[in-house]
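Descriptive analysis of the structure
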Amino acid sequence: DSFTSVAVSGVAAGFVVSAITQPVMMIKTKQQTQNMKMAEALKHTARHPFVGFGTHLFVETANRSIYFVTYEALKRQYMDEQGHTSLTTRMWSAMAAGVACWVFIYPTDVMRSRLYAASAAGYHGNAWQVVRQMHAEQGWRAFYKGFTITTLRAGPVAAFILPVYDVVLEQLNKLSF
């Protein structure tokens, strides 16, 4: 597979999943930040279903594209002569991919969270207004709150997800379903 194909596949996966995850993220944020009950959060989300959708779409598509391309690039870099990659190499490659995607998209993820929280509180401005407000209140540090813990979690999680996917796929292919 070419890296372009891997990137486009990642974008496509992010695009498809965004339609599902965006309203779920909004409901979750409303429950967490405004202490809304499920029915109230659902009703509020139904009234404003596309708040932050562009930001969410960017995070999901960029995240998945970077994640898969980085993983594939690192795996291929360290393949042996027969085209095999050890499980350890896959795990390190996945860990690096998990961290790399968060390094790139984290500021937008924070902005998305703030946009959802603001929506829950009744504010329905756009992403650029939220960016200006965040910067005015806390400077550029506002865009990196929680970054360290997120990247510390991302590496180990990715180190298992992608290699397990690879190994299971290889085993299923041997069974030729």
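Our subject in this report is the structure included herewith. (Residues numbered from 1 in each chain as written. Predicted model: local features only at pLDDT ≥ 70, side-chain atom pairs only at ≥ 80, totals over all residues. Heavy atoms only, no water.)

Overview of the nonpolar core
Our working rule: Residues grouped as a nonpolar core are buried Ala, Val, Leu, Ile, Met, Phe, Trp, Tyr and Cys residues, joined through side-chain atoms within 4.5 Å. The rule is simple: take the accessible area with a 1.4 Å probe, protein chains only, and divide by the maximum for that residue type; under 20% is buried, over 50% is exposed, in between is partly exposed. Helix and strand assignments follow DSSP, with helices taken as H or I runs no shorter than four residues and strands as E runs no shorter than two, numbered in order from the N terminus. Only heavy atoms matter for contacts: two residues are in contact if any of them lie within 4.5 Å across the pair.
Y67, W102 and M134 are the most contacted members of the largest nonpolar core, which has 26 residues in total. Elements supplying a minimum of two residues to this core: α1 (3-34), α3 (53-77), α4 (87-120), α5 (127-138) and α6 (147-175). For this core, the element with the most residues is α4, which contributes 10 residues. The residues contacting M134, other than those within four sequence positions of it, are V110, M111, R114, G139, A142 and F143.

Section: the layout of surface pockets
Note the cut-off: Cavities and pockets are defined on a 1 Å grid built over the protein atoms alone: a cavity is a set of grid points where a 1.4 Å probe fits but cannot escape, while a pocket is an open set with protein on both sides within 12 Å along at least five of seven lines, and lining residues are those with an atom within 4 Å of any such point. Grid points are joined across faces, edges and corners, and a volume is the space filled by probe spheres set on the points. Each residue is assigned to one of three groups, with Ala, Val, Leu, Ile, Met, Phe, Trp, Tyr, Cys and Pro labelled nonpolar, Asp, Glu, Lys and Arg labelled charged, and all others, Gly among them, labelled polar.
If you add up the space inside the largest pocket, you get close to 530 Å³. Lining the largest pocket we find 23 residues, and of these D1, E72, K75, Y165 and D166 sit closest to its centre. Elements that contribute at least two residues to the lining of the largest pocket include exactly α1, α3 and α6. Take the lining of the largest pocket: its biggest share by element is 7 residues, from α6. Partitioned by chemical class, the residues of the lining of the largest pocket number 9 nonpolar, 7 polar and 7 charged. Put simply, the second largest pocket is a space of about 270 Å³. If you trace the second largest pocket, you find 16 residues lining it, with N63, R64, Y67, W102 and R153 closest to the centre.

Quick word on α6
Residues three or four positions apart in an α-helix share a direction because the helix packs 3.6 residues into each turn. The line we're drawing: To estimate the expected span of a helix, subtract one from its residue number and multiply by 1.5 Å. The quantity called bend is, for any residue, the angle between two axes fitted respectively to the seven residues ending at it and the seven beginning at it.
The end-to-end C-alpha separation of α6 is 42 Å, in line with the 42 Å expected for 29 residues at 1.5 Å each. Of all the bends in α6, the largest measures some 25 degrees and sits at V157. Turning to α6, its buried residues are T150, T151, A154, G155, A158, A159, L162, P163 and D166. Residue S176 follows α6 closely and has a positive phi angle near 50 degrees.

What to know about the packing of α1 against α3
For clarity, the cut-off: All axes are obtained by fitting lines to C-alpha atoms, using only the stretch in contact for helices, and the reported angles, taken between N-to-C directions, cover 0 to 180 degrees. Two helices that cross are described as forming a left-handed crossing if the nearer one is turned anticlockwise from the farther one by less than a right angle, and a right-handed crossing if clockwise.
The contact between α1 and α3 brings their axes to 7 Å, and the two run at 145 degrees. The element α1 and its partner α3 pack so that their crossing is right-handed. In terms of residue class, the contact of α1 with α3 is made up of 14 nonpolar, 8 polar and 4 charged.

Brief notes about a nonpolar patch on the surface
Rules: Each patch is built from salt-bridge-free residues with over 30% relative accessible area, joining like charges within 9 Å and nonpolar side chains (Val, Leu, Ile, Met, Phe, Trp, Tyr) within 5 Å. The Shrake-Rupley method, run with a 1.4 Å probe, gives the accessible areas here. Residue values count only the displayed protein chains as cover. For salt bridges, the criterion is a side-chain nitrogen of Lys or Arg within 4 Å of an Asp or Glu carboxyl oxygen.
Judged by side-chain polarity, F160, V164, V168, L172 and L175 come together as a nonpolar surface patch covering roughly 470 Å² of accessible area. Mapping V168 onto the fold places it in helix α6. For V168, a relative accessible area of 43% puts it in the partly exposed group.

Points about the pattern of salt bridges
Enumeration according to the criterion identifies 8 salt bridges in this entry. Between E60 and R64 there is a salt bridge whose closest N-O contact spans 2.8 Å. Of the two residues, E60 and R64 both sit in helix α3, 4 residues apart, roughly one turn of that helix. Its relative accessible area of 8% is what places E60 among the buried residues.

Comments concerning the packing of aromatic side chains
Quick reminder of the rule: Note on aromatic pairs: the rings of Phe, Tyr and Trp (six-membered ring only in Trp) are paired at centre separations within 6.5 Å, and the planes decide the class, stacked below 30 degrees, edge-to-face beyond 60, tilted for the rest.
Overall, the coordinates contain 7 aromatic pairs when judged by the stated rule. Look at Y67 and F68: their rings are 5.5 Å apart centre to centre, the planes differ by 50 degrees, and that puts the pair in the tilted class. Given a relative accessible area of 13%, Y67 falls into the buried group. With a relative accessible area of 29%, F68 lands in the partly exposed category. Ring geometry for Y106 and F147: centres 5.4 Å apart, planes at 75 degrees, overall edge-to-face. Taken together, the residues Y106 in helix α4 and F147 in helix α6 connect sequence positions 41 residues apart. Here F147 falls in the partly exposed class, since its relative accessible area comes to 22%. Within the aromatic cluster, the residues linked to one another by ring pairs are W102, Y106, Y144 and F147.

Such coordinate-based values are descriptive only and should not be taken to indicate function.
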